[in-house]
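Structural characterization, general
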Amino acid sequence: MTRPDRRQNAALSAALAGAVDLSAVKARAEAAARQPSRPAAAPGDAAAPATTSEWVVEVSEATFQQDVLERSLQVPVVVDLRASWSEESQQLSPVLERLSAESNGTWILARVDVDASPRVAQAFGVQSVPMTVAIAGGQVLDGFPGLQPEPQLRQWIASLVQALRDRLPGIKAAEERAAAGGGAAEAEEPEDPRFTAAEEAFENGDFAAAEAAYEQILAAEPANEEAKAALAQVRFSARTEHIDSSAVEKADAAPDDVDAQLAAADIELAAQQVDEAFARLIAAVRRTSDEDRNRVRQHLVSLFELFPADDQRVVLARRNLASALF
């Protein structure tokens, strides 16, 4: 089974509102609320029956990370924020389900009941339902509130898939399977039970057990890159779980407080302010010496491990770190 690279979605395990930049969609929704309602879907579309498909997933707050953010590293995920009492939701959802069934896996439909998952709705700034949002690579790309006729929906989704084909590996893989006559994914390789146990502990918030499991894997396989990346993610998540939200303000007020700078950098990275986190620690390296400098350097290097080595932000930060040290 292929797992998402944890170095690419390290910051995504933070709280929903902090991990994903939803400001663009929220602004769009607020603007739409001041405009006349969009035209409803065509009557024929509204009457279409819901389609059961392997490309539709019901999402909750507990599964949002795995079913939306992590899947969006492979293919676009269209999030249908809906409510059972909303007539417009009942009209839109069957159309999206039918389109997803036709997609052969080039995109995934994630259905969210906003009443059952209020934190998800809050993170997306939902003011009314239905609301439709497209996510790719853990980032919000586009979205709209209300209904759209099916032709416009088809065009919107086709444009997303076309724009992301060379960026998300799952799109071409799905198209190749469909061309070969297999709409479903081929047989997956067996799960490694060691990783399964570690991932379950991580998802349950038992960071100590997850860390121990990954350390055990690395003791047997020191060169296992997947375990190294996962261990870095677990340690980062454990550090950030209880950090004071005012850590950045405290660090800005006390630039010589090393502990404050480390905590603030973690908070910034969890909020995907990657450049700011790196710059903060590089500045701290320049201000410190001896053991304090070494602590800051080691902390910064641990943050680098959350990303692929060729991430340009990491490449630049490594260069700046070398300049600060020498």
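Analysis parameters
- In this convention, every chain numbers its residues from 1, walking through the sequence in written order.
- Only residues with pLDDT of at least 70 get local features here, since the model is predicted, and only at 80 or more are side-chain atom pairs given and counted; chain-wide, interface and lining totals rely on the full set of residues.
- Hydrogen atoms and water are omitted, and side-chain values are computed over all heavy atoms in the structure.
- UniProt positions are given in the numbering used here, feature names are shortened, and annotations may be inferred rather than shown by experiment.
- Stacked, tilted and edge-to-face are the three classes assigned to paired rings of Phe, Tyr and Trp, where Trp is represented by its six-membered ring and a pair needs centres within 6.5 Å; plane angles under 30 degrees give stacked, over 60 edge-to-face, the rest tilted.
- Secondary structure counts use DSSP, requiring at least four H or I residues in a row for a helix and at least two E residues in a row for a strand, with both numbered from the N terminus.
- Only protein chains enter the calculation, and the probe is 1.4 Å; a residue is then buried if its accessible area is under 20% of its type maximum, exposed if over 50%, and partly exposed in between.
- Strands were regarded as paired on the criterion that DSSP finds at least two bridges between them.
- To get an axis, fit a line to the C-alpha atoms, keeping to the stretch in contact for a helix; angles then go from 0 to 180 degrees between the N-to-C directions.
- Contacts are assigned to residue pairs with any non-hydrogen atoms lying within 4.5 Å of each other.
- The definition of a nonpolar core used throughout is a set of buried Ala, Val, Leu, Ile, Met, Phe, Trp, Tyr and Cys residues joined through side-chain atoms within 4.5 Å.
- Picture the helix axis, draw a direction to every C-beta atom, and the arc is the one those directions span.

Going by an unreviewed UniProt entry, the protein carries the name Tetratricopeptide repeat protein and comes from Allokutzneria oryzae. Listed in UniProt under the heading Sequence similarities (unreviewed entry), the comment for the protein reads: "Belongs to the thioredoxin family."

Here's the deal with the packing of aromatic side chains
As enumerated under the stated definition, the model contains 6 aromatic pairs in all. With a centroid separation of 5.1 Å and an interplanar angle of 85°, the aromatic rings of F278 and F304 are classed as edge-to-face. Placement of F278 in helix 14 (residues 274-287) and of F304 in helix 15 (residues 290-304) is noted, with a sequence separation of 26 residues between them. What makes F304 buried here is its relative accessible area of 2%. Summarising the aromatic geometry, the rings of F278 and F307 are spaced 6.1 Å apart at their centres and angled 80° between planes, so their arrangement reads as edge-to-face. Of this pair, F278 sits in helix 14 while F307 is found in the loop between helix 15 and helix 16 (312-325), placing the two residues 29 residues apart along the sequence. As far as the burial class goes, F278 and F307 line up, both buried. An aromatic cluster is defined as three or more aromatic residues linked by ring pairs; in this entry it consists of F278, F304 and F307.

Comments concerning the sheet that holds strand 3 (residues 108-113)
Strand order in the open sheet formed by 5 strands is 1-3-2-4-5, with mixed pairing between adjacent strands. Strands at the two margins of the open sheet, each flanked by one partner only, are strand 1 (56-59) and strand 5 (139-145). Taking each pair of neighbouring strands and ignoring which way they run, the sheet shows an average axis angle of 25°. In this structure, strand 2 (residues 77-82) lies alongside strand 3, joined through 6 bridges in parallel fashion. Looking at the pairing, V78 lines up with L109 of strand 3. Running over the sheet, helix 5 (residues 87-101) touches strand 1, strand 2, strand 3 and strand 4 (131-136) and is turned about 160° from strand 2.

Notes on the nonpolar core
F64, V68, V79, L81, F124, V133 and I135 are the most contacted members of the largest nonpolar core, which has 42 residues in total. Here this core gets 6 residues from one element, more than from any other, and that element is helix 7 (residues 150-164). Within the second largest apolar cluster, 24 residues are counted, among which are L262, L269, F278 and L321.

Things to note about helix 8 (residues 169-179)
Those residues of helix 8 that fall on the buried side of the exposure criterion are G170, I171, A174 and R177. Burial along helix 8 is one-sided: seen end-on, the buried residues are contained in an arc of 130°. The outward face of helix 8, more than 90 degrees from its buried face, is lined by the exposed residues E176 and A179. Looking at the packing, one finds that the buried side of helix 8 touches helix 7. Of the residues one or two after helix 8, G181 is the one with positive phi, at around 90°.

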